[in-house]
Amino acid sequence: MSRYPDYLSAGVTPSKLSKAQKSRARREPSGVFSLFQAPQIQQFKEAFQLIDHDKDGWVNESDLKEIFASLGISPSKQMMDELLSARPGTHSRTSSYEESNVERGINFTMFLTMMSERLFEFDTEAELLEAFGSFDENDSGLVRVEEMKKWLGEVGERMDEEEMERVFKGAFTDRQGNFNYREWVKVLRVNDTEESSL
């Protein structure tokens, strides 16, 4: 049995909900809202509204097609099916829907629940800062990428080269090969508040 109400399960789509169920889904409080601070929820709401082009409160296939088109991406049918069949509590986004024209999608509460599941898979912000800080001798908020790759590839739960590239490639690594772990952790944890230790 799922820990989520029936209207959030993969077998029930927005168009299959009765009027009473839709109304109930809108007014029932969700515990997921207590996991985030108000500014974080507002960021997620803004992201959801950017994706919800028709502003009906549901992200469905037409919304996804619009957002992908605006990004210049042509999604495959499989990608669309995986995105539309994703539900809270399912990390492997397997399509469980019949291939049909049935309207599928997620509302904001489902979106927030899915985001919380992804974010809370990680260690806490303090734990991440402490772990990176042990390699930051100058307490500058920067660590050498090459040194981190050496440790991550040789000690503990070893990461392969591809995994390390995904972590260290991008905006948080400067041209000198320094990784700004404090900024990375802030973005990773979707945290608006300034840390007193910074």
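Predicted model only: the values in this text are computed from it and were never measured. In this numbering scheme, every chain counts its residues from 1 along its sequence in written order. Totals for whole chains, interfaces and linings use all residues, but because this is a predicted model, local features are given only for residues with pLDDT of at least 70 and pairs of side-chain atoms are given and counted only at 80 or more. Heavy atoms from the whole structure form the basis of all side-chain values; hydrogens and water molecules are not counted.

Draft legend 1. Broad picture of the UniProt feature "domain: EF-hand" (unreviewed entry) in the chain. UniProt positions are given in the numbering used here, feature names are shortened, and annotations may be inferred rather than shown by experiment. Under the UniProt annotation, "domain: EF-hand" (unreviewed entry) lies at residues 39–74 and 123–158. Starting at the N terminus, helices and strands are each numbered in turn, a helix being any DSSP run of H or I of at least four residues and a strand any DSSP run of E of at least two. Here residues 39–74 runs as 64% helix and 6% strand, with 32 Å between its end C-alpha atoms.

Draft legend 2. Highlighting the pattern of salt bridges. Salt bridges are defined as contacts in which a side-chain nitrogen from Lys or Arg sits within 4 Å of a carboxyl oxygen from Asp or Glu. With the rule as written, the count across this model stands at 6 salt bridges. Glu61 is paired through a salt bridge with Lys65; the nearest N and O atoms lie 3.5 Å apart. Of this pair, Glu61 and Lys65 both sit in helix H3 (residues 61–70), separated by 4 residues, roughly a single helical turn. Given a relative accessible area of 29%, Glu61 falls into the partly exposed group. Throughout this description, buried means an accessible area under 20% of the type-specific maximum (1.4 Å probe, protein chains only), exposed means over 50%, and partly exposed covers the range between. Judged by its relative accessible area of 48%, Lys65 falls in the partly exposed class.

Draft legend 3. The arrangement of the nonpolar core in detail. Buried Ala, Val, Leu, Ile, Met, Phe, Trp, Tyr and Cys residues that are joined via side-chain atoms within 4.5 Å together make up what is termed a nonpolar core. Counting residues in each nonpolar core, the largest one holds 19 residues, and the members touching the most others are Phe36, Phe44, Leu64, Ile106, Phe108, Phe111 and Leu112. Looking at this core, the elements with two or more residues in it are helix H2 (38–51), H3, helix H4 (77–85) and helix H5 (108–119). For this core, the element with the highest residue contribution is H5, accounting for 5 residues. Of all hydrophobic cores here, the second largest spans 13 residues; its members include Phe132, Val143, Trp184 and Val185.

Draft legend 4. Up close: the side chain of Lys149. Mapped onto the elements of the fold, Lys149 is located in helix H7 (residues 145–154). Sequence-distant contacts of Lys149, that is, excluding residues within four places in its chain, are made with Glu161, Met164, Glu165 and Phe168. Residues count as neighbours in contact if any of their non-hydrogen atoms are within 4.5 Å of one another.

Draft legend 5. Region of the structure containing the packing of aromatic side chains. Here a pair means two rings of Phe, Tyr or Trp (six-membered ring of Trp) with centres within 6.5 Å. Their orientation is stacked below 30 degrees between planes, edge-to-face above 60, and tilted elsewhere. Counted according to the given criterion, the structure contains 9 aromatic pairs. The rings of Phe132, Phe168, Phe179, Tyr181 and Trp184 are connected pair by pair, giving a single aromatic cluster. Taking NZ or CZ as reference, Lys45 lies 4.5 Å from the ring centre of Phe108, over its face. Charge over a ring is defined by NZ of Lys or CZ of Arg lying within 6 Å of the ring centre and within 35 degrees of the ring normal. Above the ring of Trp151, the side-chain terminus of Lys150 is found at 4.9 Å from the ring centroid.

Draft legend 6. Summary view of unusual backbone geometry. Phi is positive for Lys55, which is not a glycine, with a value near 55 degrees. Positionally, Lys55 belongs in the loop between H2 and strand E1 (59–60). Under the relative-accessibility criterion, Lys55 is labelled exposed at 57%. In the Ramachandran plot, Asp139 falls in the positive-phi region, its phi being about 50 degrees despite a non-glycine side chain. With respect to the helices, strands and loops of the structure, Asp139 is situated in the loop between helix H6 (125–133) and strand E3 (142–144).

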